[in-house]
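Structural overview
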Amino acid sequence: GAIKPVVTFTPNWGNIIYNDDVTLTCDVPSTVPEEPRTYHWYKDERPIPGDQQRLHIIRSSVEEDRGDYQCQTIGGDISDPVFLDVKENYVILQRPPSVIYEGDPLTLRCHHIRDFNAINTKFYKDDQEIKSSESDSTFHIPNITMSQSGLYKCTKQIQRIDRSDVQEHSDVSNISVKELFSPPEIKVIPSRLIEGDEMTVRCDTRLDPLRGGTELHFAFYRDGRTVRGYDVSDTYRVRSSQLEDSG
């Protein structure tokens, strides 16, 4: 079948300041050794020059480089569009270009324009300060939860190399954390049991299709006690149910 590639950014930021460099890579899932491929690139659905796996954008500009990027190999599907945002700000709050799911690690960066000195970075969530540092421009969450969605902001004091005055600049980004899988529901088959019947208990949930490769593990409890530890199977079976299996 056709293989759908994915466009990734290096560094992995979805928004950059003009004059920044970024490399776009056309990642093609493959189970065989890498064979020579010809790549096609598109920006805002229009073909752009380049037939290699990597597309280098050097000293980016707002007019030429901001937009939706896609790639394709001969005989393969075209990738989903990934948006590169190029801004003319002094300071931007950078975030990854991909969708953020609960459980993902997330790093935000308070990034400033070239040829300026910068100090005293502060991060805020919903107007509450969450980090302050003289030198560290990043804020990291190891395992993000849906409750950590919100409006994030960073501020920096920046100074031109040839001037002495210092000015504070800021940027904001709305971080929306998507649900990886729906809250599980217990389903018992059959719904009415008598002693000796086979009982099947299923932990029913729906994984987001964009994260179809994620492996979920399931555990089962009766009256708060573990009857089966975490396993890839979403079902727990009792071949011949007894009264003590009630609960």
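Quantities reported herein were computed from a predicted structural model and do not represent experimental measurements. (Residues numbered from 1 in each chain as written. Predicted model: local features only at pLDDT ≥ 70, side-chain atom pairs only at ≥ 80, totals over all residues. Heavy atoms only, no water.)

Comments concerning the nonpolar core
Note the cut-off: Nonpolar core, defined: a set of buried Ala, Val, Leu, Ile, Met, Phe, Trp, Tyr and Cys residues in which side-chain atoms within 4.5 Å join the residues together. With a 1.4 Å probe rolled over the protein chains alone, any residue whose accessible area is under 20% of its type maximum counts as buried; one over 50% counts as exposed, and the rest are partly exposed. The numbering of helices and of strands both runs from the N terminus, where a helix is a DSSP run of H or I of at least 4 residues and a strand a run of E of at least 2. In this description, contact between two residues means that some pair of their heavy atoms is separated by no more than 4.5 Å.
L108, F123, I144, Y152 and I175 are the most contacted members of the largest nonpolar core, which has 19 residues in total. Sorting the residues of this core by element identifies strand 9 (91-94), strand 11 (106-112), strand 12 (116-125), strand 14 (138-141) and strand 15 (150-160) as the ones contributing at least two each. Setting aside chain neighbours within four positions, we find I175 in contact with R95, I100, L106, L108, I144, S149, G150 and Y152. Formed by 16 residues, the second largest nonpolar core is a distinct cluster that contains F9, Y39, W41 and I57.

Concerning the state of the cysteines
Let me state the cut-off plainly: Defined by distance alone, a disulfide is two cysteine sulfur atoms within 2.5 Å.
With the rule as written, the count across this model stands at two disulfides. What pairs with C26 in a disulfide is C71, and their sulfur atoms sit 2.1 Å apart. Taking the sign of the S-S torsion, 80° for the link of C26 and C71, the bridge is right-handed. Residue C26 is found in strand 3 (residues 22-27), and its partner C71 is found in strand 7 (residues 67-73); the two are separated by 45 residues along the sequence. By relative accessible area, which is 0% here, C71 ends up buried.

Focus: the UniProt feature "domain: Ig-like" (unreviewed entry) in the protein chain
As a reminder, the rule being used: UniProt positions are given in the numbering used here, feature names are shortened, and annotations may be inferred rather than shown by experiment.
As annotated in UniProt, the feature "domain: Ig-like" (unreviewed entry) corresponds to residues 5-72 and 81-173 in the numbering used here. Annotated as residues 81-173, this span is 0% helix and 61% strand, and its ends, taken at the C-alpha atoms, are 20 Å apart.

A few points about a nonpolar patch on the surface
Rules: Within this analysis, patches are made of residues with over 30% relative accessible area and no salt bridge. Like charges are joined at 9 Å or less; nonpolar side chains (Val, Leu, Ile, Met, Phe, Trp, Tyr) at 5 Å or less. Shrake-Rupley sampling with a 1.4 Å probe provides the accessible areas, and residues are treated as covered by the protein chains on show and by no other component. Salt bridges are counted wherever a side-chain nitrogen of Lys or Arg sits within 4 Å of a carboxyl oxygen of Asp or Glu.
Taken together, the side chains of I186, V188 and L193 make up a nonpolar region of the molecular surface, amounting to roughly 250 Å² of accessible area. Residue classification places V188 among the partly exposed residues on the basis of a relative accessible area of 36%.

Section: the environment of L55
One can find L55 in strand 6 (residues 54-57). Taking the C-alpha atoms as reference points, L55 and V22, separated by 33 residues in sequence, lie 8.5 Å from one another. If sequence neighbours within four positions are ignored, L55 has contacts with V22, T23, L24, W41, I48, P49 and Y69.

Re the pairing of strand 14
Two faces make up the sheet, and in a regular strand the side chains alternate between them. The condition that has to hold: Between any two strands, pairing holds if DSSP finds at least two bridges.
What you see with strand 14 is a clean split: F139 and I141 sit on the buried side and T138 and H140 on the side with no burial. In terms of strand pairing, strand 11 meets strand 14 through four bridges, oriented antiparallel. Within strand 14, the residue paired with L106 across the bridge is I141.

Notes on the sheet that holds strand 9
Basically, it comes down to this: Think of each axis as a best-fit line through the C-alpha atoms, taken over the contacting stretch in the case of a helix, with angles from 0 to 180 degrees between the N-to-C directions.
Strand order in the open sheet formed by three strands is 9-11-14, and the pairing between neighbours is antiparallel. Sheet topology places strand 9 and strand 14 at the edges, where each strand pairs with a single neighbour. The sheet shows a mean angle of 10° between the axes of neighbouring strands, taken without regard to direction.

Some details on the layout of surface pockets
Which entries qualify depends on this criterion: The definitions used throughout rest on a 1 Å grid laid over the protein atoms alone, on which a cavity is an enclosed set of points accommodating a 1.4 Å probe that cannot get out and a pocket is an open set flanked by protein within 12 Å on both sides along at least five of seven lines; lining residues are those having an atom within 4 Å of a point. Grid points are joined across faces, edges and corners, and a volume is the space filled by probe spheres set on the points. Residues are sorted three ways: Asp, Glu, Lys and Arg are charged, Ala, Val, Leu, Ile, Met, Phe, Trp, Tyr, Cys and Pro are nonpolar, and all the rest, Gly among them, are polar.
Counted as a void, the largest pocket has a volume near 530 Å³. Lining the largest pocket are 18 residues; nearest its centre among them are V6, D80, V82, S98 and V99. In terms of residue count, the dominant contributor to the lining of the largest pocket is strand 1 (residues 6-10) (four residues). Among the residues forming the lining of the largest pocket, the class breakdown is ten nonpolar, four polar and four charged. If you add up the space inside the second largest pocket, you get close to 390 Å³. Of the residues belonging to the lining of the second largest pocket, the class tally is twelve nonpolar, four polar and three charged.

Thoughts on the pairing of strand 13 (residues 128-133)
Alignment of strand 12 against strand 13, held across five bridges, turns out to be antiparallel. By the bridge assignment, F123 is partnered in strand 13 with K131. Taking the residues between adjacent antiparallel strands as the criterion, strand 12 and strand 13 are bridged by two residues, where D126 takes a positive phi near 50°.

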